[in-house]
Amino acid sequence: MSRSTLATRESRSPAVEPPAVRAVDQDVRPPAARRIPTVLTRCVARCLHLAPMARSTTQLLRKRVNRAHVTPAFSTRAQRARAALSMRPMLEAVSLTKRFGSVAAINDASFAIRPGAITGFLGPNGAGKSTMLRLFLGLTHPTSGAALIDGKPLREWPVPSRKVGAVLDTQCVHPSRRAIDSVRWAAWLAGVPAYHAEELLDRVGLGAVAGQRTGKFSVGMRQRLALAIALVGDPEIVVLDEPMNGLDPEGIAWLKELLRGFRDQGRTVLISSHLLAELEDLVDDLVVIARGKIIGSGSATAFIDRFQTQTISVLSDKPEPLCAAVIDAGGEVMEMQGQRMEISGLTSIQLGEIARDAGIALLGLTEERSLKRAFSEATANMTDL
Ligand SMILES: Nc1ncnc2c1ncn2[C@@H]1O[C@H](COP(=O)(O)OP(=O)(O)OP(=O)(O)O)[C@@H](O)[C@H]1O
């Protein structure tokens, strides 16, 4: 929907704007001192992914400032509890298609993401992940179908930043602004109070550099700052595109703990990442996409069970006789390197019995089960699905 369409719709439809807000809007005017250069407004608006929601930068600024003054206290906890009770999907794609010319970036995708869970969004390069996230955030329009946030498009929620906080792009802050000002300005544009800006920077580990200009921030620091900005509205849903990029192992561990904390608070997290090993102990559910088509969604455990061929890694000082015994028993030797073999088609108990009967000692045995392996299987075989 274009910016002007949205503005027209809001003015036609009183239900979109809470009555209390409209009533006070007439009396409360933003202070003149709050006039901010247009370039800065655009920069932070881009970061908050608000661009399609305002007719012009000036209007966006005026509207957000008015809301910042009058938005009533928002009971996100109660809303989250209600959403969890009803188990209505927090994000839902309904027969969603997005075409760029002849390319179907998203091809008739349907899935639902439950509230209060961490969902990993996986796919090979060019699969359509960023396009899907942009569709949910209203940054691009579907060719057909719908991308719904808690039952309706994000633009139809009165204060979108209360509903969703997103990090799609870490290059979104003006390099000459201080970190603290970037967060305050983002809060102001989002129409929410800015008094907790320092607390947000503390929360993402940037409290000590709150007064520094962001131009010289490292990639990891930018990730953290973008996350602080995404959280200004205390959102029910957090959407993150490759948030682990640029973070060191300690930073990744910190981020995972933060996201687990969000889940404990009842928030919904959607995270796309190529670091599958890092996602494995984090996500509850998965949505897997390849070439614009959804090839699996639901519980991460069920996904791994469905796509991974069970393999056993075994170490033996007599690999050749063991290999022959495994094949005789109907198993398959996938790989052999020195004393180590990878075997499929047998359980570890069967393998132990075969080795015992052949008089071969097993020096080590591990059942391999990983998200990475299941993902490779699923995307490699996608033409068969
Ligand atoms: N604005 C656009 N114009 C034309 N084609 C586009 C546009 N945006 C995306 N595409 C195409 O849509 C497909 C999906 O792209 P998208 O960026 O969503 O994939 P992705 O899964 O996020 O990839 P990556 O993991 O590499 O970031 C690609 O073929 C891409 O070239």
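Just so it is clear, the model here is predicted, and its values are computed rather than measured.

Peer 1: Even after reading the chapter, I still don't get the packing of helix 8 (residues 179–190) against helix 10 (residues 219–230), so can you show me in this structure?
Peer 2: Packed helices, taken two at a time, are described by the angle between their axes plus the distance between the axes. At their nearest, the axes of helix 8 and helix 10 sit 9 Å apart, and the two run at 30 degrees to each other. By the criterion of interaxial angle, the relationship of helix 8 to helix 10 is roughly parallel. Here the hand of the crossing between helix 8 and helix 10 comes out right-handed. Of helix 10, the residues touching helix 8 (which contributes Ala-179, Ser-182, Val-183 and Ala-186) are Leu-225, Ala-228 and Ile-229.

Peer 1: Before we go on, may I ask you to explain the nonpolar core in this structure?
Peer 2: When a protein is soluble and globular, its nonpolar side chains tend to lie buried together. Grouped together as the largest cluster of nonpolar side chains are 56 residues, with contacts concentrated most on Val-183, Leu-201, Leu-225, Leu-259 and Ile-271. Listed in part, the 28 residues of the second largest apolar core include Leu-91, Met-132, Leu-133 and Val-164.

Peer 1: What is the right way to look at unusual backbone geometry in this model?
Peer 2: Phi is mostly negative for residues that are not glycine, and the peptide bonds are mostly trans. Of note, Glu-242 is a non-glycine position whose phi angle comes to about 50 degrees, a positive value. Checked against the element boundaries, Glu-242 lands in the loop between strand 6 (237–241) and helix 11 (249–264). Of note in the backbone geometry, Arg-291 takes a positive phi value of approximately 45 degrees without being a glycine. Looking at the element boundaries, Arg-291 is found in the loop between strand 8 (285–290) and strand 9 (293–299). For Arg-291, a relative accessible area of 60% puts it in the exposed group.

Peer 1: Any chance you could explain the environment of Ser-110 here in plain terms?
Peer 2: With respect to the element layout, Ser-110 can be found in strand 2 (residues 103–113). Judged by relative accessible area, Ser-110 falls into the partly exposed class, the value being 41%. Separated by 184 residues in the primary sequence, Ser-110 and Ile-294 have C-alpha atoms spaced 7.3 Å apart. In this structure, Ser-110 is in contact with Ala-93, Val-94, Ser-95 and Ile-294, ignoring residues within four places of it in sequence. Separated by 2.8 Å, the side chain of Ser-110 and the backbone nitrogen of Ser-95 make a polar contact.

Peer 1: How should I be thinking about the pattern of salt bridges in this particular structure?
Peer 2: Side chains that differ in charge, positive against negative, can pair when their charged atoms come close. Enumeration according to the criterion identifies 16 salt bridges in this entry. Two residues, Asp-150 and Arg-88, come together in a salt bridge whose shortest N-O distance is 2.9 Å. Here the residue Asp-150 occupies a position in the loop between strand 4 (144–149) and helix 7 (160–163), and Arg-88 occupies one in the loop between helix 5 (76–86) and strand 1 (91–100), the gap between them amounting to 62 residues. A residue is classified by how much of its surface remains accessible, and Arg-88, at 41% relative accessible area, is partly exposed. In this structure, Lys-256 and Glu-278 form a salt bridge, with 2.9 Å as the shortest nitrogen-oxygen distance. Taken together, the residues Lys-256 in helix 11 and Glu-278 in helix 12 (residues 276–280) connect sequence positions 22 residues apart. A relative accessible area of 7% means that Lys-256 is categorised as buried.

Peer 1: Any chance you could explain the sheet that holds strand 2 here in plain terms?
Peer 2: Paired through backbone hydrogen bonds, the strands of a sheet run either parallel or antiparallel to each other. Ordered in space as 2-1-4, the three strands form an open sheet in which the pairing is antiparallel. A strand with exactly one partner marks an edge of an open sheet, and here the two such strands are strand 2 and strand 4. Each adjacent strand pair in this sheet contributes to an overall mean axis angle of 20 degrees, direction not counted. Both strand 1 and strand 4 contribute to a ladder of five bridges, which runs antiparallel. Of the residues in strand 4, the one forming a bridge with Ala-93 is Ala-147. Its contacts with the sheet put helix 6 (residues 129–136) on strand 1, strand 2 and strand 4, and the angle it makes with strand 1 is roughly 120 degrees.

Peer 1: Sorry, what's going on with the sheet that holds strand 12 (residues 340–344) here?
Peer 2: With respect to topology, four strands assemble into an open sheet ordered 11-12-10-13, the strand pairing being antiparallel. The sheet is open, and its two borders are formed by strand 11 (332–337) and strand 13 (362–368), each paired with just one other strand. Neighbouring strand axes in the sheet, compared pairwise and without regard to direction, differ in orientation by 20 degrees on average. Bridge count between strand 10 (residues 311–316) and strand 13: six bridges; the pairing is antiparallel. Across the sheet, the residue bridging to Ile-312 is Glu-367, located in strand 13. Running at roughly 170 degrees to strand 11, helix 14 (residues 319–328) makes contact with strand 10, strand 11, strand 12 and strand 13 of the sheet.

Peer 1: Is there a simple way to explain the site of the ligand in this structure?
Peer 2: Every residue near the ligand is listed here: Phe-100, Val-103, Ala-105, Pro-124, Asn-125, Gly-126, Ala-127, Gly-128, Lys-129, Ser-130, Thr-131 and His-274. Within the contact set of the ligand, an oxygen atom lies 2.9 Å away from a backbone nitrogen or oxygen of Gly-128. Protein chains bury 56% of the 630 Å² of accessible surface belonging to the ligand in isolation. When contributions to the shell around the ligand are tallied by element, the ones reaching two or more residues are strand 2 and helix 6. Ranked by residue count, the leading element in the shell around the ligand is helix 6, at three residues. In the shell around the ligand, the residues fall into five nonpolar, six polar and one charged.

Peer 1: How do you make sense of the environment of Leu-255 when you look at a structure like this?
Peer 2: Summarising the element assignment, Leu-255 is placed in helix 11. When its relative accessible area of 2% is taken as the criterion, Leu-255 is described as buried. When the C-alpha positions of Leu-255 and Arg-224 are compared, they lie 9.0 Å apart, and in sequence the two are 31 residues distant. Among all residues touching Leu-255, those that are not within four sequence positions of it are Leu-227, Pro-243, Met-244 and Leu-247.

Criteria and cut-off values
- Residues numbered from 1 in each chain as written.
- Predicted model: local features only at pLDDT ≥ 70, side-chain atom pairs only at ≥ 80, totals over all residues.
- Heavy atoms only, no water.
- Axes fitted to C-alpha atoms, helices over the stretch in contact; angles between N-to-C directions.
- Helix = DSSP H or I, 4+ residues; strand = E, 2+ residues; numbered from the N terminus.
- Parallel < 35°, antiparallel > 145°, perpendicular 65-115°, else oblique.
- Left-handed = near helix turned anticlockwise from the far one by under 90°.
- Contact = heavy atoms within 4.5 Å.
- Core = buried A, V, L, I, M, F, W, Y, C linked by side-chain atoms within 4.5 Å.
- Buried < 20%, exposed > 50% of the residue type's maximum accessible area, 1.4 Å probe, protein only.
- Polar contact = N/O pair within 3.5 Å; in protein donor to acceptor, adjacent residues only side chain to side chain.
- Salt bridge = Lys/Arg side-chain N within 4 Å of Asp/Glu carboxyl O.
- Pairing = 2+ DSSP bridges.
- Near = heavy atom within 4 Å.
- Areas by Shrake-Rupley, 256 points an atom, 1.4 Å probe, with all protein chains shown as cover.
- Nonpolar A, V, L, I, M, F, W, Y, C, P; charged D, E, K, R; others polar.

Any link to function would need more than the numbers given here.
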